[in-house]
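A closer look at the structure
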Amino acid sequence: MASSVPSTTPPSNVTRSFHAALRSLRNDPGIVIKPADKGSGTVILDREDYVYEALRQLEDPSTYRPLTEPIYPVTAKKITKILLSLEDQGYLKPDQVDFLTPPPEPRPRRFYLLPKIHKPTSKWTVPDRIPPGRPVISDCSSESYEVAQYIDSFLLPLSMTHPAYVKDSFDFLRKIRSIQVPADCLLVTCDVSSMYTNIQNEPGIQSIANIFEANPDHARPDKEILELLRLNLECNDFEFNGQFFLQISGTAMGKTFSPSYADIFMAQWERDALADWPDPPLLYLRYRDDIFMIWQYSRERLQEFISFLNSRDPSIQLTHEVSSESQDYLDITVFKGPSLQTSGHLDTKVYFKPTDTHQLLHRLSFHP
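Please read these numbers as outputs of a predicted model, since none were measured by experiment.

Look at helix 3 (residues 72-88) against helix 9 (residues 222-234): their axes get within 11 Å of each other, and the N-to-C directions meet at 170°. The angle between helix 3 and helix 9 falls in the class roughly antiparallel. The segment helix 3 lies against helix 9, with Lys78, Ile79, Ile82, Ser85 and Leu86 engaging Glu224, Glu227, Leu228 and Leu231. When grouped by side-chain class, the residues that make up the contact of helix 3 with helix 9 number 5 nonpolar, 1 polar and 3 charged.

Another aspect to go through is the nonpolar core. Counting residues in each nonpolar core, the largest one holds 52 residues, and the members touching the most others are Leu83, Ile151, Leu155, Leu229, Phe257, Tyr261 and Met293. Excluding residues within four positions of it along the chain, Met293 makes contact with Leu186, Leu187, Val188, Cys190, Pro281, Leu283, Tyr284, Leu302, Phe305 and Ile306. Counting 17 residues, the second-largest nonpolar core is a separate cluster that includes Phe172, Leu173, Leu285 and Ile332.

This brings us to the sheet that holds strand 10 (residues 290-295). Spatial ordering of the open sheet is given by 9-10-6-11, a layout of 4 strands whose pairing is antiparallel. Across the chains shown, the open sheet's two edge strands, defined by having one partner strand only, are strand 9 (283-287) and strand 11 (318-323). Neighbour to neighbour, the strand axes of the sheet diverge by 20° on average, direction disregarded. Sheet topology note: the strand 9/strand 10 ladder contains 5 bridges and is antiparallel. Bridging across to strand 10, Tyr284 finds its partner in Met293. Strands strand 6 (186-192), strand 9 and strand 11 of the sheet are contacted by helix 10 (residues 258-275), whose axis makes an angle of about 165° with strand 9.

All right, on to the layout of surface pockets then. Gaps left between atoms are located by rolling a probe of water-molecule size over the structure's atoms. Computed from the structure, the second largest pocket encloses a volume of approximately 350 Å³. Together, 18 residues line the second largest pocket, and His162, Pro163, Ala267, Gln268 and Arg271 are the ones closest to its centre. Taken together, the elements giving at least two residues each to the lining of the second largest pocket come down to helix 5 (145-159), helix 8 (201-214) and helix 10. With 6 residues, helix 10 is the single largest residue contributor to the lining of the second largest pocket. The residue inventory of the lining of the second largest pocket, partitioned by class, reads 9 nonpolar, 7 polar and 2 charged.

About the criteria used
- Residues numbered from 1 in each chain as written.
- Predicted model: local features only at pLDDT ≥ 70, side-chain atom pairs only at ≥ 80, totals over all residues.
- Heavy atoms only, no water.
- Axes fitted to C-alpha atoms, helices over the stretch in contact; angles between N-to-C directions.
- Helix = DSSP H or I, 4+ residues; strand = E, 2+ residues; numbered from the N terminus.
- Parallel < 35°, antiparallel > 145°, perpendicular 65-115°, else oblique.
- Contact = heavy atoms within 4.5 Å.
- Nonpolar A, V, L, I, M, F, W, Y, C, P; charged D, E, K, R; others polar.
- Core = buried A, V, L, I, M, F, W, Y, C linked by side-chain atoms within 4.5 Å.
- Buried < 20%, exposed > 50% of the residue type's maximum accessible area, 1.4 Å probe, protein only.
- Pairing = 2+ DSSP bridges.
- 1 Å grid on protein atoms, 1.4 Å probe; cavity = no way out; pocket = protein on both sides within 12 Å on 5 of 7 lines; lining within 4 Å.
- Points joined across faces, edges and corners; volume = space filled by probe spheres on them.

By themselves, these are just geometric observations and shouldn't be taken as functional.
Below, the structure is given as structure tokens:
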């Protein structure tokens, strides 16, 4: 935009014009502006197309069902009752109960989508027109927002204990550079399809109960945390386009504990699966729903392994990509370079998705 403005135009006028254009876009009822799911981009969609994709997902009867009225006022009372019980047992102090207690007038949760424009346009919901969206349910100021943080304070430390855990790109680099690989190995990435919404509530809650049992803590009220977790999962009502819905399966992005909850469930799933497979991969790592493997056997054996994993639980299905030379994972490209010949290690370089806008923060920025 700046390059199209005559050089004689004062900067202040340019700034005012730019902000006026932003306000005009923001107030246009015919469009929806959302951040892209990946790549730091901004997406402008026709409102009709955005609603179309949202309703396509919300009309899935295995995950959502419509409500005639919200249920969060009733949920708030149930949460308060559990919190008072925790205070009576000495697990919580009065000021902690005050903080965790639902507000007098909770805000309804809001459903929205993050457009997945990084997906091939031929695979969009409507090819070349309507991208698929990652469903998010905003939990801010809801009746369970603070309680979700309380649950996560117990789940987060436990979610980091499994052997496949990857904290971030730096952690992945450290682990990938520490292993020697055969020259003919395969580099494999897998994606867990719709992991958050596909984890069934009962197996998910049981995985939390299992990890609590394996890691006893007398200062942790296991029974009440599981009760609060169940309320968060089974009473996750929200509003979209003037209609209330209830999520009847899976968890939602937007709940503070969702990443830890999904991590713990997946850790149990992969632990059991790998224990039952005779030829485990040389390296198996996972960040959330993204899996990276170094496979030292044939492609045919890899396909058998993926089929085996997909047979374990109908709600957990993997898609995979395989290469004998390079693979993109998180924001890193792992490839067979000079280091493989000299030391048996893989090389790495920075990877940018094609839709990445390369927006960077200035080194003096006060952005957290």
